Amino acid sequence: MAHPKRKISKQRRDKRRTHYKCEAKTYVVCPTTGEAHLPHRAYWHEGKLYYKGKVVIEKEVLA
């Protein structure tokens, strides 16, 4: 197995990791329901599953 010949300094290690950043998720607002959700994903709103502004599934209520 390969082993490093010299110890990599903290400064060099941290310079390499500068691009690993945490980004806030972007949300879009549905024109049909006005609900904020992740883009390209289905979401539940008032017992109905929406995707692209259309109802995909309605939740059944058992009596």
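Up top is the structure these notes are about.
In this report, we go over the structure that sits alongside the text. Given the structure is predicted, the values throughout are model-derived calculations rather than measurements.

Comments concerning the overall build of the protein
- Secondary structure assignment for the protein yields 1 helix and 5 strands.
- Going residue by residue from the N terminus, the α and β elements of the protein occur as α-β-β-β-β-β.
- For 63 residues, the compact-globule estimate of 2.2 N^0.38 gives 11 Å, and the protein exceeds it by more than 25% at 23 Å.
- A principal-axis box enclosing the C-alpha atoms of the protein has dimensions of 70 × 30 × 20 Å.
- When each of the 63 residues of the protein is scored for burial, the buried share is 10%.
- Taking contacts inside the protein between residues at least 6 apart in sequence as the whole, the part at least 24 apart equals 0%.
- Here the protein has roughly 6600 Å² of accessible surface; of this, 54% comes from carbon and sulfur atoms.
- For the protein, the separation between the mean place of its 16 positive charges and that of its 6 negative charges on side chains is 24 Å.

Focus: the sheet that holds strand E3 (residues 43-45)
- The 3 strands lie next to each other as E3-E4-E5, forming an open sheet whose pairing is antiparallel. Both outer strands of the open sheet, E3 and strand E5 (54-58), are each paired with one neighbouring strand and no more. Neighbouring strand axes in the sheet, compared pairwise and without regard to direction, differ in orientation by 40° on average.
- Direction of pairing for E3 relative to strand E4 (residues 48-51): antiparallel, over a ladder of 3 bridges. What sits directly across from His45, in E4, is Lys48.

Remarks on the pattern of salt bridges
- Tallied over the entire structure, the rule returns 1 salt bridge.
- Between Arg13 and Asp14 there is a salt bridge, with the nearest N and O atoms lying 3.0 Å from each other.

Regarding the pairing of E4
- Hairpin connection from E3 to E4: 2 residues lie between these consecutive antiparallel strands, with Glu46 at a positive phi of about 55°.
- Connecting E4 to the antiparallel partner E5 that follows it, the hairpin turn spans 2 residues, and Lys52 within it adopts a positive phi of roughly 55°.

Considerations on the environment of Lys48
- Relative to the helices and strands, Lys48 is located in strand E4.
- C-alpha of Lys48 to C-alpha of His19: the two residues are 29 residues apart in sequence and 40 Å apart in space.
- Setting aside residues up to four positions removed in sequence, Lys48 forms contacts with Tyr43, Val55, Ile57 and Glu58.

Side note on the pairing of E5
- By the criterion of burial, E5 is predominantly exposed, with just 0 of the 5 residues buried.
- Across 4 bridges, the pairing between E4 and E5 is antiparallel. What sits directly across from Tyr50, in E5, is Val55.

Thresholds, definitions, all that
- Residues numbered from 1 in each chain as written.
- Predicted model: local features only at pLDDT ≥ 70, side-chain atom pairs only at ≥ 80, totals over all residues.
- Heavy atoms only, no water.
- Helix = DSSP H or I, 4+ residues; strand = E, 2+ residues; numbered from the N terminus.
- Rg over C-alpha atoms; globule rule 2.2 N^0.38 Å.
- Buried < 20%, exposed > 50% of the residue type's maximum accessible area, 1.4 Å probe, protein only.
- Contact = heavy atoms within 4.5 Å.
- Areas by Shrake-Rupley, 256 points an atom, 1.4 Å probe, with all protein chains shown as cover.
- Lys, Arg positive; Asp, Glu negative; His and termini not counted.
- Charge placed at Lys NZ, Arg CZ, Asp CG, Glu CD.
- Pairing = 2+ DSSP bridges.
- Axes fitted to C-alpha atoms, helices over the stretch in contact; angles between N-to-C directions.
- Salt bridge = Lys/Arg side-chain N within 4 Å of Asp/Glu carboxyl O.

In short, the description is geometric, and any link to function would need to be established separately.
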